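Reading the structure
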Amino acid sequence: MTPTTTHSAVVSFPAPTQILVTRDFAAPRHLVYRAHVEPDLVARWWAGDRGVVDRIDIDLRVGGRWRYVMTAHEGFQVAFHGEYRVVVPDETIVYTEVFEGAPGPDPDADPVVCTSTFTDRGAGTRLTVLTEVSSVELRDAIVASGMEVGLQEGLDRLEQVALSLA
(Lines give C-alpha, C1' and ligand atoms only; values in the text may rest on other atoms or scores of the structure.)
Protein backbone atom coordinates (compact mmCIF):
# COMPACT_ATOMS: atom_id res chain seq x y z
CA MET A 1 0.00 0.00 0.00
CA THR A 2 1.22 3.50 -0.82
CA PRO A 3 1.99 5.56 2.32
CA THR A 4 -0.33 8.51 2.85
CA THR A 5 0.31 11.96 4.24
CA THR A 6 -2.48 12.20 6.84
CA HIS A 7 -3.33 15.62 8.31
CA SER A 8 -0.33 17.19 6.61
CA ALA A 9 -1.86 20.27 4.99
CA VAL A 10 -0.01 23.44 5.96
CA VAL A 11 -2.07 26.62 6.32
CA SER A 12 -0.24 29.95 6.02
CA PHE A 13 -1.01 33.62 5.43
CA PRO A 14 1.25 35.08 2.72
CA ALA A 15 -0.64 38.41 2.79
CA PRO A 16 -3.27 39.91 5.12
CA THR A 17 -6.12 38.92 2.80
CA GLN A 18 -4.84 35.49 1.74
CA ILE A 19 -4.96 31.94 3.05
CA LEU A 20 -2.57 29.46 1.47
CA VAL A 21 -3.04 25.72 1.91
CA THR A 22 -0.24 23.41 0.77
CA ARG A 23 -0.60 19.63 0.81
CA ASP A 24 1.48 16.85 -0.70
CA PHE A 25 -0.29 13.70 -1.85
CA ALA A 26 1.09 10.20 -2.41
CA ALA A 27 -0.93 9.98 -5.64
CA PRO A 28 -0.08 11.11 -9.19
CA ARG A 29 -1.21 14.57 -10.28
CA HIS A 30 -3.76 13.41 -12.88
CA LEU A 31 -5.52 11.29 -10.23
CA VAL A 32 -5.56 14.05 -7.59
CA TYR A 33 -6.97 16.41 -10.22
CA ARG A 34 -9.56 13.85 -11.36
CA ALA A 35 -10.69 13.24 -7.76
CA HIS A 36 -10.98 17.02 -7.43
CA VAL A 37 -13.24 17.61 -10.44
CA GLU A 38 -15.49 14.57 -11.01
CA PRO A 39 -18.75 14.92 -9.04
CA ASP A 40 -19.00 11.27 -7.94
CA LEU A 41 -15.41 11.40 -6.68
CA VAL A 42 -15.77 14.80 -4.96
CA ALA A 43 -18.81 13.39 -3.14
CA ARG A 44 -16.52 10.78 -1.56
CA TRP A 45 -14.18 13.29 0.11
CA TRP A 46 -15.56 16.83 0.30
CA ALA A 47 -17.45 16.56 3.63
CA GLY A 48 -14.53 14.94 5.44
CA ASP A 49 -15.88 13.49 8.69
CA ARG A 50 -18.30 16.40 9.17
CA GLY A 51 -21.43 15.01 7.49
CA VAL A 52 -23.00 13.50 4.41
CA VAL A 53 -22.76 14.98 0.91
CA ASP A 54 -26.22 15.69 -0.54
CA ARG A 55 -25.27 17.21 -3.86
CA ILE A 56 -22.24 17.94 -6.04
CA ASP A 57 -22.79 19.93 -9.24
CA ILE A 58 -19.76 20.67 -11.43
CA ASP A 59 -19.81 22.37 -14.84
CA LEU A 60 -16.03 22.42 -15.30
CA ARG A 61 -15.44 25.11 -17.91
CA VAL A 62 -14.66 28.81 -17.85
CA GLY A 63 -17.95 30.45 -16.84
CA GLY A 64 -19.32 27.14 -15.61
CA ARG A 65 -20.86 26.95 -12.15
CA TRP A 66 -20.35 24.59 -9.25
CA ARG A 67 -22.29 23.86 -6.05
CA TYR A 68 -21.59 21.51 -3.14
CA VAL A 69 -24.16 20.74 -0.41
CA MET A 70 -23.82 18.59 2.69
CA THR A 71 -25.84 17.83 5.78
CA ALA A 72 -23.67 18.03 8.89
CA HIS A 73 -23.98 15.29 11.50
CA GLU A 74 -25.62 17.91 13.74
CA GLY A 75 -28.50 18.14 11.24
CA PHE A 76 -27.90 21.51 9.55
CA GLN A 77 -27.10 22.01 5.87
CA VAL A 78 -23.90 23.60 4.55
CA ALA A 79 -23.63 24.77 0.94
CA PHE A 80 -21.07 26.54 -1.21
CA HIS A 81 -21.23 27.64 -4.84
CA GLY A 82 -19.18 29.56 -7.36
CA GLU A 83 -18.03 30.00 -10.92
CA TYR A 84 -14.94 28.75 -12.73
CA ARG A 85 -12.69 31.51 -14.08
CA VAL A 86 -9.71 29.46 -15.32
CA VAL A 87 -9.51 25.72 -16.03
CA VAL A 88 -6.23 24.14 -17.16
CA PRO A 89 -6.68 20.36 -16.86
CA ASP A 90 -4.27 18.66 -14.43
CA GLU A 91 -2.68 22.04 -13.58
CA THR A 92 -4.84 24.94 -12.38
CA ILE A 93 -8.41 25.83 -11.49
CA VAL A 94 -9.39 29.39 -10.53
CA TYR A 95 -12.89 29.75 -9.13
CA THR A 96 -15.05 31.90 -6.93
CA GLU A 97 -16.42 30.49 -3.69
CA VAL A 98 -19.51 31.65 -1.84
CA PHE A 99 -20.65 30.22 1.49
CA GLU A 100 -24.43 30.20 1.17
CA GLY A 101 -26.14 31.86 4.12
CA ALA A 102 -23.06 33.81 5.21
CA PRO A 103 -23.97 36.91 7.22
CA GLY A 104 -23.25 40.39 5.93
CA PRO A 105 -23.35 41.90 2.44
CA ASP A 106 -24.18 39.78 -0.61
CA PRO A 107 -21.16 37.45 -0.95
CA ASP A 108 -21.92 36.93 -4.66
CA ALA A 109 -21.12 40.63 -5.18
CA ASP A 110 -17.64 40.24 -3.65
CA PRO A 111 -16.80 36.52 -3.74
CA VAL A 112 -13.77 34.76 -2.39
CA VAL A 113 -11.39 33.77 -5.22
CA CYS A 114 -9.49 30.48 -4.97
CA THR A 115 -6.63 29.24 -7.13
CA SER A 116 -5.93 25.49 -6.94
CA THR A 117 -2.60 24.47 -8.46
CA PHE A 118 -1.63 20.83 -9.01
CA THR A 119 2.15 20.31 -9.25
CA ASP A 120 3.79 17.05 -10.26
CA ARG A 121 6.17 15.78 -7.56
CA GLY A 122 7.44 12.57 -9.15
CA ALA A 123 5.10 9.82 -7.99
CA GLY A 124 3.14 12.35 -5.94
CA THR A 125 1.42 15.71 -6.21
CA ARG A 126 1.56 19.04 -4.43
CA LEU A 127 -1.77 20.83 -4.24
CA THR A 128 -1.75 24.49 -3.29
CA VAL A 129 -4.96 26.42 -2.77
CA LEU A 130 -4.61 30.18 -2.51
CA THR A 131 -7.76 31.80 -1.14
CA GLU A 132 -8.03 35.55 -1.64
CA VAL A 133 -10.60 37.58 0.30
CA SER A 134 -11.59 41.23 0.41
CA SER A 135 -10.67 41.96 4.03
CA VAL A 136 -8.65 40.76 7.00
CA GLU A 137 -11.93 40.42 8.91
CA LEU A 138 -13.28 37.95 6.35
CA ARG A 139 -10.01 35.99 6.37
CA ASP A 140 -10.13 35.82 10.16
CA ALA A 141 -13.79 34.73 10.13
CA ILE A 142 -12.98 31.90 7.72
CA VAL A 143 -10.08 30.74 9.90
CA ALA A 144 -12.16 31.07 13.11
CA SER A 145 -14.94 28.93 11.58
CA GLY A 146 -12.83 25.83 12.18
CA MET A 147 -12.16 25.42 8.48
CA GLU A 148 -8.79 23.75 9.07
CA VAL A 149 -10.24 20.69 10.84
CA GLY A 150 -12.67 19.97 8.02
CA LEU A 151 -9.99 20.82 5.46
CA GLN A 152 -7.54 18.28 6.91
CA GLU A 153 -10.22 15.58 6.97
CA GLY A 154 -11.37 16.31 3.44
CA LEU A 155 -7.86 16.36 2.00
CA ASP A 156 -7.03 13.07 3.74
CA ARG A 157 -10.08 11.55 2.07
CA LEU A 158 -9.17 13.17 -1.25
CA GLU A 159 -5.84 11.37 -1.10
CA GLN A 160 -7.54 8.04 -0.41
CA VAL A 161 -9.95 8.57 -3.34
CA ALA A 162 -7.09 9.48 -5.68
CA LEU A 163 -5.08 6.43 -4.58
CA SER A 164 -8.12 4.20 -5.15
CA LEU A 165 -8.13 5.25 -8.82
CA ALA A 166 -4.63 3.91 -9.48
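Provided above is the structure to which this section pertains.
Figured I'd write up the structure that's included with this text. Quantities reported herein were computed from a predicted structural model and do not represent experimental measurements.

So, how was this worked out
- Residues numbered from 1 in each chain as written.
- Predicted model: local features only at pLDDT ≥ 70, side-chain atom pairs only at ≥ 80, totals over all residues.
- Heavy atoms only, no water.
- Helix = DSSP H or I, 4+ residues; strand = E, 2+ residues; numbered from the N terminus.
- Buried < 20%, exposed > 50% of the residue type's maximum accessible area, 1.4 Å probe, protein only.
- Contact = heavy atoms within 4.5 Å.
- Areas by Shrake-Rupley, 256 points an atom, 1.4 Å probe, with all protein chains shown as cover.
- Lys, Arg positive; Asp, Glu negative; His and termini not counted.
- Charge placed at Lys NZ, Arg CZ, Asp CG, Glu CD.
- Pairing = 2+ DSSP bridges.
- Expected span 1.5 Å × (residues − 1).
- Axes fitted to C-alpha atoms, helices over the stretch in contact; angles between N-to-C directions.
- Left-handed = near helix turned anticlockwise from the far one by under 90°.
- Nonpolar A, V, L, I, M, F, W, Y, C, P; charged D, E, K, R; others polar.
- Polar contact = N/O pair within 3.5 Å; in protein donor to acceptor, adjacent residues only side chain to side chain.

**So, the overall build of the protein**
Counting its secondary structure elements, the protein contains 4 helices and 8 strands. Counting helices and strands in the order they occur from the N terminus, the protein gives β-β-α-α-β-β-β-β-β-β-α-α. The dimensions of the protein, computed from C-alpha atoms along their principal axes, are 45 × 35 × 30 Å. In the protein, buried positions account for 38% of the 166 residues. Long-range contacts, defined as pairs at least 24 residues apart, comprise 49% of the intrachain contacts of the protein with a sequence gap of at least 6. Looking at the protein as shown, the accessible area adds up to about 8400 Å², and 55% of this sits on carbon and sulfur atoms. Looking at the protein, you have 14 positive and 24 negative side-chain charges, and the mean spots of the two groups are 4 Å apart.

**Section: the pairing of strand E3 (residues 51–58)**
Strand direction decides the pairing type here: E3 and strand E4 (residues 65–72), joined by 7 bridges, are antiparallel. Across the sheet, the residue bridging to isoleucine 58 is tryptophan 66, located in E4. With antiparallel pairing between neighbouring strands as the criterion, E3 and E4 make up a hairpin whose turn holds 6 residues, including glycine 63 at a positive phi of roughly 90 degrees.

**A short note on helix H4 (residues 147–164)**
Here H4 spans 26 Å end to end across 18 residues, near enough to the 26 Å set by a 1.5 Å rise per residue. Considering only its buried residues, H4 is in contact with strand E2 (18–25), helix H1 (29–37), helix H2 (39–45) and strand E8 (124–132).

**A word on the packing of H1 against H4**
Across the interface, H1 lies against H4 with an axial gap of 8 Å and an inter-helix angle of 115 degrees. At the point where H1 passes H4, the crossing takes the right-handed sense. For the pair H1 and H4, contact is made by Leu31, Val32, Ala35 and His36 and by Leu158, Val161 and Ala162, respectively. Split by residue class, the contact of H1 with H4 holds 6 nonpolar, 1 polar and no charged.

**Thoughts on the pairing of strand E6 (residues 92–99)**
A large share of E6 lies buried, amounting to 6 of its 8 residues. Sheet analysis places strand E5 (residues 77–88) next to E6, joined by 6 bridges and oriented antiparallel. Directly across from tyrosine 84, in E6, lies its bridge partner tyrosine 95. Linking two consecutive strands that pair antiparallel, namely E5 and E6, is a turn of 3 residues; a positive phi of about 65 degrees is found at aspartate 90 within it. As judged from the 6 bridges shared by E6 and strand E7 (residues 112–121), these two strands associate in the antiparallel manner. Bridging from a neighbouring strand, valine 94 pairs with threonine 115 of E7.

**Side note on the side chain of threonine 96**
Take threonine 96: it is sitting in strand E6. Accessibility expressed as a relative area gives 7% for threonine 96, which makes it buried. Of note is the side chain of threonine 96, whose polar atom sits 2.9 Å from the backbone nitrogen of glutamate 83. With residues up to four places along the chain from it excluded, the contact list for threonine 96 reads Trp66, His81, Gly82, Glu83, Arg85, Pro111, Val112 and Val113.

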